[in-house]
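Listed here are the chains, written in short residue letters.
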Amino acid sequence: MKIAVFGTQFYEEEYFNKYNSGNQHELVFFKESLNSKTTHLAKGFQAVCVFVTDTLDKNCIEKLAKLGVKLIDLRSAGYNNVDVKSAKTNNIKVLRLPTYSPQAIAEHAIALILTLNRKTHKAYNQVRENNFSLQNLMGFNLHGKTIGVVGTGKIGRAFCCIMLGFGCKIIAFDLKENEDLKRKGIQYKTFDELLSKSDIISVHCPLTKETNHLFDTKAFDKLKKGAMIINTSRGAIINAEEAIIALKKEQIRYLGLDVYEKESTIFFKDCSQTVIQDDVFERLLSFNNVLITPHQAFYTDEAISEIAEISIKNFTDFENNLALENEVK
Ligand code: NAD
């Protein structure tokens, strides 16, 4: 099958070629993101393979359908950037990667917690300047702290299991309760209870209409004062402008973000020689208790291997009319 791979990152071609054994599929890699303005690039392809930086709205999908595209394959677990309803109306299948190394994302969430708490990023720079003072480096024990987990799916579950190892008490909020986690001692609470009881909150639910700006001033005002919030899920779950107000009031004491609502204009590229026009993002960067990473939680060798391997399997299943176990319905 001929597949147009959009938004190709520098590391991806090598991994895709490794798993596309015998060149069973013809893969053409585009650096450009797919959106309604770049749809013409998909001419002559039966399938498009897209990333979180691509925007497949109704307009884009209708254009893809006219070009004869029959498959949209996401190289991500989240699919909030694809209008699945329009795809269905236009008879285009949507496949994704429901599971690829949930540990990669869970472990990155923990890296953010440990860095914000124990300030290793500051110590690293300070020691290189021959400053061995402990001033401003005090952290807190994770042992015994209450961790609130929003979304106990694959990544949330992996995160809970690691935090149990730290000796934390874990409370969770999800639309569906996980019996296995309950057996491990995790208690499900309402969202408001989770906000008021947690020392650290980690977000692992998908971005949906319900979770868009789930964390806004109303939620921040209910936090246990001085809580830490970690978001490795999708940027728009946190209202960044309102988070700035909560940071200034010290309602949020630490904020760790791997995702940001308007990341598509800046993330996944080197903007070091340009002026960032997003004032909200720049204000967030100016806080010494905010740590931002560039949507890298998934970026491990194991996860990228799985992304390539499962994507190739998705193409093959579709081409051979096999059951589509990774279909978004
Ligand atoms: P999953 O589908 O296994 O789990 C999501 C969980 O969230 C489910 O248990 C679901 O019931 C719950 N949920 C849904 N709506 C909710 C709501 N309104 N309130 C509370 N809980 C709700 O997904 P996953 O594999 O664990 O991935 C979670 C998210 O992580 C993805 O949607 C994606 O946005 C994000 N992600 C980020 C990266 C990264 O690199 N930063 C990588 C992969 C995934």
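Above this text is the structure in question.
Reading the values: rules and limits
- Residues numbered from 1 in each chain as written.
- Predicted model: local features only at pLDDT ≥ 70, side-chain atom pairs only at ≥ 80, totals over all residues.
- Heavy atoms only, no water.
- 1 Å grid on protein atoms, 1.4 Å probe; cavity = no way out; pocket = protein on both sides within 12 Å on 5 of 7 lines; lining within 4 Å.
- Points joined across faces, edges and corners; volume = space filled by probe spheres on them.
- Helix = DSSP H or I, 4+ residues; strand = E, 2+ residues; numbered from the N terminus.
- Patch = residues over 30% accessible without salt bridge, like charges linked within 9 Å, V, L, I, M, F, W, Y side chains within 5 Å.
- Areas by Shrake-Rupley, 256 points an atom, 1.4 Å probe, with all protein chains shown as cover.
- Salt bridge = Lys/Arg side-chain N within 4 Å of Asp/Glu carboxyl O.
- Lys, Arg positive; Asp, Glu negative; His and termini not counted.
- Charge placed at Lys NZ, Arg CZ, Asp CG, Glu CD.
- Buried < 20%, exposed > 50% of the residue type's maximum accessible area, 1.4 Å probe, protein only.
- Disulfide = S-S within 2.5 Å.
- Pairing = 2+ DSSP bridges.
- Contact = heavy atoms within 4.5 Å.
- Axes fitted to C-alpha atoms, helices over the stretch in contact; angles between N-to-C directions.
- Near = heavy atom within 4 Å.
- Polar contact = N/O pair within 3.5 Å; in protein donor to acceptor, adjacent residues only side chain to side chain.
- Sits in = over half its atoms within 2 Å of the grid points.
- Right-handed = clockwise from strand over helix to strand, strands pointing away.

**Overview of empty space enclosed by the protein**
And step 1. All chains considered together, the criterion is met by 2 cavities of 30 Å³ or more.
And step 2. The space that makes up the largest cavity amounts to roughly 50 Å³.
And step 3. Lining the largest cavity are Tyr-11, Glu-12, Tyr-15, Phe-16, Phe-51, Phe-298, Ile-304, Ile-307 and Ala-308.
And step 4. Going through the elements one at a time, helix H1 (12-19) and helix H12 (301-319) are the ones with two or more residues in the lining of the largest cavity.

**Structural notes on a negative patch on the surface**
And step 1. A cluster of acidic side chains, namely Glu-14, Glu-107, Asp-301 and Glu-302, defines a negative patch on the protein surface.
And step 2. When you line up the elements, Glu-107 lands in helix H4 (residues 102-118).
And step 3. Judged by its relative accessible area of 47%, Glu-107 falls in the partly exposed class.

**Overview of the state of the cysteines**
And step 1. A full pass over the atoms with the stated rule returns 0 disulfides.
And step 2. Cys-49 provides the cysteine sulfur closest to Cys-60, a residue in no disulfide bond, and the two sulfurs are 14 Å apart.
And step 3. For Cys-60, a relative accessible area of 0% corresponds to the buried category.

**With respect to the sheet that holds strand S9 (residues 200-203)**
And step 1. Read across the sheet, 7 strands follow the order S8-S7-S6-S9-S10-S11-S12 without closing on themselves; strand pairing throughout is parallel. Sheet topology places strand S8 (187-188) and strand S12 (290-292) at the edges, where each strand pairs with a single neighbour.
And step 2. Relative to strand S7 (residues 169-173), strand S6 (residues 146-150) is paired through 5 bridges, and the arrangement is parallel. Across the sheet, residue Thr-146 finds its bridge partner in S7, namely Lys-169.
And step 3. Packed onto the sheet, helix H10 (residues 240-248) meets strand S11 (252-257) and S12 and runs at close to 145 degrees relative to S11.

**As for the site of the ligand**
And step 1. Near the ligand lie 23 residues; those nearest to it are Lys-154, Ile-155, Asp-174, Thr-232 and Asp-258.
And step 2. The separation between an oxygen atom of the ligand and a polar side-chain atom of Lys-154 is 2.8 Å.
And step 3. Asp-174 has a polar side-chain atom sitting 2.6 Å from an oxygen atom of the ligand.
And step 4. Coverage of the ligand by the protein amounts to 88% of the 870 Å² it exposes when considered alone.
And step 5. Taken atom by atom, the bulk of the ligand overlaps the largest pocket.

**Some points on the pairing of S11**
And step 1. Most of S11 is tucked away, with 5 of its 6 residues classed as buried.
And step 2. Sheet analysis places strand S10 (residues 227-231) next to S11, joined by 5 bridges and oriented parallel. Residue pairing across strands places Ile-229 opposite Leu-255, the latter belonging to S11.
And step 3. One crossover worth recording links S10 to the parallel S11 by way of H10, and it is right-handed.
And step 4. Where S11 meets S12, 3 bridges bridge the pair, whose relative direction is parallel. What sits directly across from Leu-257, in S12, is Ile-292.

Worth remembering: the numbers are spatial, not functional.
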